[in-house]
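# Structural description and commentary
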Amino acid sequence: MKRIVLIVATPLVLSACASTELTMSLGNMRLINSSADPQQVMDFANKVCKDDFYMGASFISKAGKDYRFKCVRADENEALAPIPTTKINPAK
């Protein structure tokens, strides 16, 4: 009688690190590629815009992992629009 040994291997669960990078900056428009959660992307976009002397980032659109933002100046009288389900954190 032949014995059949069945070895079941469970897949390894790897904790993926989220990456976020600024892929394009043209005028006041920013393209950010990210695998992070939306709140982290919103915080990153605000930081990038504030580092460039803007008031903050206003969300425009998302396609796959690409997020489009418009950096807004205080004198433009434009409201900052966050990514849906996120919030804009106040300056620290």
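Residues numbered from 1 in each chain as written. Predicted model: local features only at pLDDT ≥ 70, side-chain atom pairs only at ≥ 80, totals over all residues. Heavy atoms only, no water.

## Let's talk about the pairing of strand β1 (residues 20-26)
Convention followed: The pairing criterion is simple: DSSP has to find at least two bridges between the two strands. Counting from the N terminus, the helices are the DSSP runs of H or I reaching at least four residues and the strands are the DSSP runs of E reaching at least two.
Bridge analysis of β1 against strand β2 (residues 29-34) gives six bridges, and the strand direction is antiparallel. Counted as the bridge partner of Ser25 is Arg30 from β2. Hairpin remark: β1 followed by β2, antiparallel, with two residues in the connecting loop; positive phi at Gly27, about 65°.

## So, the packing of aromatic side chains
The geometry of an aromatic ring pair comes down to the distance between the two centres and the angle between the two planes. Short version of the rule: Note on aromatic pairs: the rings of Phe, Tyr and Trp (six-membered ring only in Trp) are paired at centre separations within 6.5 Å, and the planes decide the class, stacked below 30 degrees, edge-to-face beyond 60, tilted for the rest. Here the term buried applies to any residue with accessible area under 20% of the maximum for its type, exposed to any over 50%, and partly exposed to those in between, with areas from a 1.4 Å probe on protein chains only. Two conditions define a charge sitting above a ring: the NZ of Lys or the CZ of Arg must be within 6 Å of the ring centre, and it must be within 35 degrees of the ring normal.
Counted under the stated rule, the structure contains two aromatic pairs. Seen from their ring centres, Phe59 and Phe69 are 5.8 Å apart, and the 65° between their planes marks the pair as edge-to-face. Of this pair, Phe59 sits in strand β3 (residues 56-63) while Phe69 sits in strand β4 (residues 66-72), and the two are ten residues apart along the sequence. With respect to class, Phe59 is no different from Phe69; both count as buried. With 6.5 Å between their ring centres and 20° between their planes, Tyr67 and Phe69 make a pair best called stacked. Exposure class is identical for Tyr67 and Phe69. Each is buried. These aromatic residues form a ring-pair network of at least three members: Phe59, Tyr67 and Phe69. Stacked on the ring of Tyr54, the Lys or Arg Arg73 has its end atom at 4.5 Å from the ring centre.

## Some points on the confidence of the model for the chain
Where we set the bar: What pLDDT reports is the predictor's confidence in each residue, on a scale of 0 through 100. Should any heavy atoms of two residues lie within 4.5 Å, those residues are considered in contact.
For the chain, the average pLDDT comes to 84, and 79% of its residues sit at 70 or higher. Residue range residues 8-15 is modelled with pLDDT below 50. Its contacts to residues more than four positions away, or to other chains, number zero contacts.

## Focus: the pairing of β3
The two faces of the sheet receive side chains in turn, since in a regular strand these alternate between them. Here β3 runs beside β4; their pairing, made up of seven bridges, is antiparallel. When the sheet's bridge partners are listed, Ala57 is paired in β4 with Cys71. What sits between β3 and β4 in their antiparallel hairpin is a turn of two residues, with Gly64 showing a positive phi close to 65°.

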